[in-house]
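One-letter residues, chain by chain:
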Amino acid sequence: MGSGTSLGKVRGLGSAHHGGHHWLLQRTTAIGNLVLMTWLLVSFLALGDFSHASVAGWLSQPIAAVPMMLLIVSLFWHARLGLQVLIEDYIHQAGTKFGLLSALNLAVIGGAAFGIFSVARLAILGTA
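## Remarks on the overall build of the protein chain
Broken down by element type, the protein chain carries 5 helices and 0 strands. For the protein chain, the α and β elements follow one another from N to C terminus as α-α-α-α-α. Counting the 128 residues in the protein chain, one finds 21% classified as buried. Nonlocal contacts in the protein chain, meaning residues at least 24 apart in sequence, comprise 65% of its contacts between residues at least 6 apart. Carbon and sulfur atoms provide 73% of the accessible area of the protein chain, an area that totals close to 8700 Å².

Structural data, given as structure tokens:
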């Protein structure tokens, strides 16, 4: 019958003592993704021309490069959080779970690093 106090349930202090934090991070990145994707869509609509030169020129400006890097980090972090929960909930063998979580972390870090490097290269050099 007793699974903790009502205050403990509200604070998210379940058996793992950190479920509320993960949930809050996932919601925070979702809000960040919504705001940054809205910015990206509005920017693309204002850009008009989608040629490589115009997009590269647009991304060479710091006012476009910084939010784009933030979007890359937020998207990859959000994807990692969601896939981590999926792996933890549905993979029951400890070795397989560890391997998949390690592969997930490597893929997310690698993908985000590649995206940030690509935007930084455009921002610094101006062209690809």
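Back to the write-up after that little detour.
## Structural notes on helix H5 (residues 94–125)
Taking 1.5 Å as the rise per residue, H5 with 32 residues should run 46 Å; its terminal C-alpha atoms sit 46 Å apart, in good agreement. Listing the buried residues of H5 in full gives Leu104, Val108, Ala112, Gly115, Val119 and Leu122.

## Observations regarding the packing of aromatic side chains
Within this structure, the stated rule accounts for 3 aromatic pairs. Considering the side-chain rings of Phe44 and Trp58, the 5.7 Å spacing of their centres and the 55 degrees angle between planes classify their relative orientation as tilted. Of this pair, Phe44 sits in helix H2 (residues 19–47) while Trp58 is found in helix H3 (residues 52–59), placing the two residues 14 residues apart along the sequence. Chaining the aromatic ring pairs together yields one cluster made of Trp39, Phe44, Phe50 and Trp58.

## Focus on H3
Within H3 the residues assigned to the buried category are Ala56, Trp58 and Leu59. Around the axis of H3, the buried residues are gathered within 160 degrees of arc, so they sit on the same side.

## Notes on the nonpolar core
Counting residues in each nonpolar core, the largest one holds 13 residues, and the members touching the most others are Leu40, Trp58, Leu59, Met68, Leu71, Ile72 and Val119. Looking at this core, the elements that each hand over two or more residues are H2, H3, helix H4 (62–90) and H5. It is H4 that provides the largest number of residues to this core, a total of 5 residues.

## Notes on the packing of H4 against H5
Two quantities define a packed helix pair, namely the angle between the axes and the distance from one axis to the other. H5 packs onto H4 with a crossing angle of 170 degrees between their chain directions and a minimal axis gap of 10 Å. Taken together, H4 and H5 sit at an angle that is classed as roughly antiparallel. When the residues that make up the contact of H4 with H5 are grouped by side-chain class, the tally is 17 nonpolar, 4 polar and 3 charged.

## Structural notes on the side chain of His22
Within the fold, His22 resides in helix H2. Those residues in contact with His22, other than ones at most four positions away along the chain, are Leu81, Gln84 and Val85.

Definitions and limits used
Residues numbered from 1 in each chain as written. Predicted model: local features only at pLDDT ≥ 70, side-chain atom pairs only at ≥ 80, totals over all residues. Heavy atoms only, no water. Helix = DSSP H or I, 4+ residues; strand = E, 2+ residues; numbered from the N terminus. Buried < 20%, exposed > 50% of the residue type's maximum accessible area, 1.4 Å probe, protein only. Contact = heavy atoms within 4.5 Å. Areas by Shrake-Rupley, 256 points an atom, 1.4 Å probe, with all protein chains shown as cover. Expected span 1.5 Å × (residues − 1). Phe/Tyr/Trp six-rings, centres within 6.5 Å; stacked < 30°, edge-to-face > 60°. Arc of directions from axis to C-beta. Core = buried A, V, L, I, M, F, W, Y, C linked by side-chain atoms within 4.5 Å. Axes fitted to C-alpha atoms, helices over the stretch in contact; angles between N-to-C directions. Parallel < 35°, antiparallel > 145°, perpendicular 65-115°, else oblique. Nonpolar A, V, L, I, M, F, W, Y, C, P; charged D, E, K, R; others polar.

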